[in-house]
Amino acid sequence: MSTETTEVQSEVKEPKKVSEPLLSKRRKQILSDPLNEDNPITVQVLGICSALAVTVKLQPTLIMSIAVIFVIVFSNLIISLMRNLIPTRVRIIVQLAVIASLVTIVSEVLKAYSYPMYKVLGAFVGLIITNCIVMGRLEAFAMGNKPYDSLLDGFGSGFGYAWIILTVAFFRELLGSGSIFNFKVFEELGIAYQANSMMVDSVGAFIILGILIWVQRYVTGYVEN
């Protein structure tokens, strides 16, 4: 081989592989779709039980939202990191073990730093293990995608769940107890308001959640196939 040929070959470099931007259009869609057009509660109709059970007051609903966001984000990340090491036959057991470990962390933190809230939410926090949203994201996304994308999917799904139950809790507490975060709104405004006890019951949650689903689907034009 001549010297000239060697020089020509050395000049030919392989094209650099362009890495995808951290917030590319595809990744923004992963993050934003669960907030509205593919919302886990109003479109996928998942996590309905906790949406009805913990939304009587805003404060426990906010704590529950933070707990679910923490569990879904880190379970997505951990399972995505381990996805190539998990045998298919035992993947559900591994997923449950990861979720249960994260839920235990949340439960112990609540018990240590906010015992009154732990007494209110203790049973419901434990039931995050069976939350269909968390398991669904692990199966549908984290098992087949890279860690960063799974992290974004976890944030999107967590916040998509959170804003719906916080909205439900806002109207239930306002109409059912006349307060917002235990602040007596109508009393402070000098308005004589008779609290609507139906809103404290599960029926009130069904009504508000139904209205939310109707409004959202009317705005987005979503139609069931």
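Residues numbered from 1 in each chain as written. Predicted model: local features only at pLDDT ≥ 70, side-chain atom pairs only at ≥ 80, totals over all residues. Heavy atoms only, no water.

**Thoughts on unusual backbone geometry**
The following threshold applies: Working definition: helices are DSSP H or I runs of at least four residues, strands are E runs of at least two. Numbering for both runs from the N terminus. Only protein chains enter the accessibility calculation, which uses a 1.4 Å probe. A residue is then buried if its area is under 20% of the maximum for its type, exposed if over 50%, and partly exposed in between.
Positive phi, normally seen in glycine, also occurs at Phe-181, with a value near 50°. Mapped onto the elements of the fold, Phe-181 is located in the loop between β1 (179-180) and β2 (183-184). Assessed through its relative accessible area of 45%, Phe-181 is described here as partly exposed. Residue Asn-182 is not a glycine yet carries a positive backbone phi of 70°.

**Brief notes about the layout of surface pockets**
Cut-off, in case you're wondering: Of the two site types, the cavity is a set of points on a 1 Å grid over the protein atoms alone where a 1.4 Å probe fits but cannot get out, and the pocket is an open set with protein on both sides within 12 Å along at least five of seven lines, each lined by residues with an atom within 4 Å of a point. Grid points are joined across faces, edges and corners, and a volume is the space filled by probe spheres set on the points. Any residue that is not Ala, Val, Leu, Ile, Met, Phe, Trp, Tyr, Cys, Pro, Asp, Glu, Lys or Arg is counted as polar, Gly included; the first ten are nonpolar and the last four charged.
One number sums up the size of the largest pocket: a volume of about 220 Å³. Cys-49, Ser-50, Leu-127, Thr-130 and Asn-131 are the residues nearest the centre of the largest pocket, which is lined by 13 residues in total. Looking at the lining of the largest pocket element by element, the count peaks at four residues for helix α3 (residues 48-53). Among the residues forming the lining of the largest pocket, the class breakdown is nine nonpolar, four polar and no charged.

**Re the nonpolar core**
Here is the rule: Put simply, buried Ala, Val, Leu, Ile, Met, Phe, Trp, Tyr and Cys residues joined by side-chain atoms within 4.5 Å make one nonpolar core. Residue contacts are counted whenever heavy atoms from the two residues lie within 4.5 Å of one another.
Core analysis: the biggest nonpolar cluster contains 40 residues, and Ile-41, Val-71, Val-125, Ile-128 and Leu-209 have the highest contact counts within it. The set of elements that each furnish at least two residues to this core consists of α3, α4 (58-82), α5 (91-113), α6 (115-126), α7 (132-140), α8 (147-177) and α10 (202-220). The biggest single contributor to this core is α4, with eight residues. Beyond its immediate sequence surroundings of up to four residues, Val-71 is in contact with Ile-99, Leu-102, Val-103, Val-106, Ile-128 and Val-134.

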